[in-house]
There are 2 protein chains.
Amino acid sequence: MRLPVSNFSVYGAHMSDTISEATLSEFDRDTSVRQREPGVHDTDLSQGWAIGHALNGGYLLATLGRALGETLPHPDPFTITAHYLSATTHGPAVIRSEVVRTGRTLSTGTAGLFQTGADGREVERIRVLASYGDLDTVTGDVRTSAEPPAMPPPGQCFSARDNPAGPDAGPEMGKRLDLRLDPATCGWAVGAPSGRGEMRAWLGLADARDPDPMSLLMAVDALPPTAFEMGLSGWVPTVELTVHVRARPAPGLLRVSVTTVNLAGGFLEEDVEVWDSADRLVAQSRQLARAKVG
Amino acid sequence: MRLPVSNFSVYGAHMSDTISEATLSEFDRDTSVRQREPGVHDTDLSQGWAIGHALNGGYLLATLGRALGETLPHPDPFTITAHYLSATTHGPAVIRSEVVRTGRTLSTGTAGLFQTGADGREVERIRVLASYGDLDTVTGDVRTSAEPPAMPPPGQCFSARDNPAGPDAGPEMGKRLDLRLDPATCGWAVGAPSGRGEMRAWLGLADARDPDPMSLLMAVDALPPTAFEMGLSGWVPTVELTVHVRARPAPGLLRVSVTTVNLAGGFLEEDVEVWDSADRLVAQSRQLARAKVG
């Protein structure tokens, strides 16, 4: 199967225009898109990124982000917003993109992800609005007053291997990740949530593929919901997710910190910072999600 | 001039379907939209909300928010994202809205604001994606760990009246507002910025109109840029702005707190909390803006 070369920039050493799927990371394979015509991409959404019955919103955003990046003249999502309209299932989907404006340093576009329902009609699952640029042109002065999240080294954090129910007992998506949760935000897993709206983890991909701007779109939605540490259980479906990618991440594990300060009226926000191995704040995101209280 | 009654819900006592503009607040008058046909609204953008040559992004978002609210079946913006494509000038504009999805509790739509250029062609200025609901249905458990911003009472803060250059020396938009800046974040005004990415103020409308969800869309973008307190000068144009309206605000002055933690590569984020007089966190927003360093 031929796939666009642009998917493989992280694989410089192996790059050719006839790379087989076998050389791909799980993330690149499962977010790959095939252009049917300009602005229309087909994709096969993988059950490998499911949490329960639903596919992860970050995985879906990365897939949309890839299609939109192939439609816009700039490669990297600087700011991307998704509204989740209806539950996306694994299997075929089509992404329709539209250029809103092309500029010198930023281009803006919109995209929708559609699946065909049981009645044969297309149903829109997700709508995205984004501005893309080129992170290689983003240089210069850095004045960051934020601090990387304080947490124990990866070896002292909890991974799927530490799950008392077995390493494969968690969500399917967990098998794609190298996720190591800060023990201080793991109380929920043993029935003793801290009550604080915090979740922190080291995060990589299970097959050791290094992070890039597209995988950051997944990383911001990869941790268990802060709602678990606030003592809530059950599904916390995302209504809207906005990600700012601020720098191209260095190779190695990411640190991801999620904070919720306002659970009210059945909604909460999740604020995320993603830090790379070079101690740079590479992404910030916020999502609005529904939360069932009580 | 007849305007849709839906613009006047805050004026219950005066409500009729032939209200004259004279009874309107400046904000309601200047954000009013007239439906030309379903999904198409005309508006006259007012120079009264200018900062220098440009119209304020929050004012424009509120105007777009009103048009989209008349197109969607739900009245209140729960989460709204705007991408600013080109500088909007005062004068006529047309807003084209599209319903993306209609749901029971939330509806999603998109809207674009267009102006006619010198060559007679329409140019898109702003694209918006939003989900609307009904804030009157948002009730129940509130667990907010955030604290209202600590600042002196309004009488001890700086207003336009305290401007040594005269009360009318500031931006045109300042005359529409009752803005009282925390002295701790006013160093920039006397050439002594604190170096911290913080800005705080009490905020009302100059004509004492009480806040509502639409005016919150303006409030999140009404303070001077945090960049001023970080020692930068010049224009900080917004690339993208996302607002979550979390509750209908109580009457009275708002408290608005803006924080920037990451100035890097010519971009910065502004994180905003808006608190109402009943000590509720009524809106959260984040914007990505360009900042010229040095």
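Worth saying up front: this structure is predicted, and the values here are computed from it rather than measured.

> Where do I start with the overall build of chain A in this structure?
Regarding its fold elements, chain A presents four helices and 16 strands. The globule rule puts the C-alpha radius of gyration for 294 residues at 19 Å, and the 18 Å found for chain A is close to it. Residues classed as buried in chain A amount to 58% of the 294 residues present. Counted over contacts in chain A with a minimum sequence separation of 6, partners at least 24 positions apart contribute 68%. When the accessible area of chain A is evaluated, it comes to approximately 11700 Å², of which 52% is carbon and sulfur surface.

> Explain the UniProt feature "domain: Acyl-CoA thioesterase-like C-terminal" (unreviewed entry) in chain A here, please?
Under the UniProt annotation, "domain: Acyl-CoA thioesterase-like C-terminal" (unreviewed entry) lies at residues 165–289 of chain A. Structurally, residues 165–289 of chain A comprises 9% helix and 38% strand, and the distance from its first C-alpha atom to its last is 28 Å.

> Any chance you could explain unusual backbone geometry here in plain terms?
Excluding glycine, residues mostly have negative phi values, and the peptide bonds linking residues are mostly trans. Residues and elements named next belong to chain A. You will see that alanine 208, though not glycine, has its phi angle at about 65°, which is positive. One can find alanine 208 in the loop between β11 (198–205) and α3 (213–219). A positive phi angle, close to 65°, is found at aspartate 279, a residue other than glycine. With respect to the helices, strands and loops of the structure, aspartate 279 is situated in the loop between β15 (267–275) and β16 (281–290). By relative accessible area, which is 46% here, aspartate 279 ends up partly exposed.

> Before we go on, may I ask you to explain the relation of the copies chain B and chain A in this structure?
For the pair of chain copies, the relating operation is a rotation around an axis with a shift along it. Mapping chain B onto chain A calls for a rotation angle of 180° and an axial translation of 0.0 Å; the resulting RMSD is 0.0 Å. Both copies are brought into coincidence by an operation consistent with a two-fold rotation axis. When the interface residues of chain B are mapped onto chain A, 100% of them again fall at the interface, so both copies present the same face.

> So what exactly am I meant to see when it comes to helix α2 (residues 57–71) of chain B here?
An α-helix turns once every 3.6 residues. As a result, residues three or four positions apart point the same way. Residues and elements named next belong to chain B. Between its first and last C-alpha atoms α2 spans 21 Å; for 15 residues at 1.5 Å apiece the expected length is 21 Å, and the two agree. Counting buried positions over the 15 residues of α2 gives 13, a clear majority of the element. For α2, the N-terminal cap is asparagine 56; the gap from its side-chain oxygen to the backbone nitrogen of glycine 58 is 2.9 Å.

> Just checking my understanding: could you explain the pattern of salt bridges for this structure?
In this structure the tally under the stated criterion is 48 salt bridges over all chains. Ionic pairing is found between Arg246(A) and Glu269(B), a salt bridge with its closest N-O pair at 3.4 Å. Taken together, the residues Arg246(A) in the loop between β12 (238–245) and β13 (254–259) and Glu269(B) in strand β15 (residues 267–275) connect one chain to another. For the pair formed by Arg246(A) and Glu269(B), the shared burial category is buried. A salt bridge links Asp178(B) to Arg180(B), with the shortest nitrogen-to-oxygen separation between them at 2.9 Å. Among the charged side chains, a network of salt bridges with common partners joins Glu26(A), Glu172(A), Lys175(A) and Arg176(A).

> What's the story with empty space enclosed by the protein in this structure? I'm lost.
Picture a little ball the size of a water molecule; that probe, rolled over the atoms, points out where space is still empty. In the structure shown here, the tally under the stated rule is three cavities of 30 Å³ or more. Approximately 70 Å³ is the volume found for the largest cavity. Along its surface, the largest cavity is lined by Glu240(A), Thr242(A), His244(A), Gln284(A), Ser285(A), Arg286(A), Glu240(B), Thr242(B), His244(B), Ser285(B) and Arg286(B). Of the residues belonging to the lining of the largest cavity, the class tally is no nonpolar, seven polar and four charged. For the second largest cavity, the calculated volume is near 50 Å³. Along the walls of the second largest cavity sit Phe78(A), Leu135(A), Val138(A), Val245(A), Arg246(A), Ala264(B), Phe267(B) and Leu288(B), which together make up its complete lining.

> What is the right way to read the UniProt feature "domain: Acyl-CoA thioesterase-like N-terminal HotDog" (unreviewed entry) in chain A from this model?
Mapped onto this numbering, the UniProt entry annotates "domain: Acyl-CoA thioesterase-like N-terminal HotDog" (unreviewed entry) at residues 46–132 of chain A. Split by type, residues 46–132 of chain A is 17% helix and 53% strand. Its first and last C-alpha atoms lie 26 Å apart.

The rules we used
- Residues numbered from 1 in each chain as written.
- Chains lettered and ligands numbered in written order.
- Predicted model: local features only at pLDDT ≥ 70, side-chain atom pairs only at ≥ 80, totals over all residues.
- Heavy atoms only, no water.
- Helix = DSSP H or I, 4+ residues; strand = E, 2+ residues; numbered from the N terminus.
- Rg over C-alpha atoms; globule rule 2.2 N^0.38 Å.
- Buried < 20%, exposed > 50% of the residue type's maximum accessible area, 1.4 Å probe, protein only.
- Contact = heavy atoms within 4.5 Å.
- Areas by Shrake-Rupley, 256 points an atom, 1.4 Å probe, with all protein chains shown as cover.
- UniProt positions renumbered as here; feature names shortened; annotations may be inferred.
- Least-squares fit on C-alpha atoms with pLDDT ≥ 70 in both.
- Expected span 1.5 Å × (residues − 1).
- Polar contact = N/O pair within 3.5 Å; in protein donor to acceptor, adjacent residues only side chain to side chain.
- Salt bridge = Lys/Arg side-chain N within 4 Å of Asp/Glu carboxyl O.
- 1 Å grid on protein atoms, 1.4 Å probe; cavity = no way out; pocket = protein on both sides within 12 Å on 5 of 7 lines; lining within 4 Å.
- Points joined across faces, edges and corners; volume = space filled by probe spheres on them.
- Nonpolar A, V, L, I, M, F, W, Y, C, P; charged D, E, K, R; others polar.

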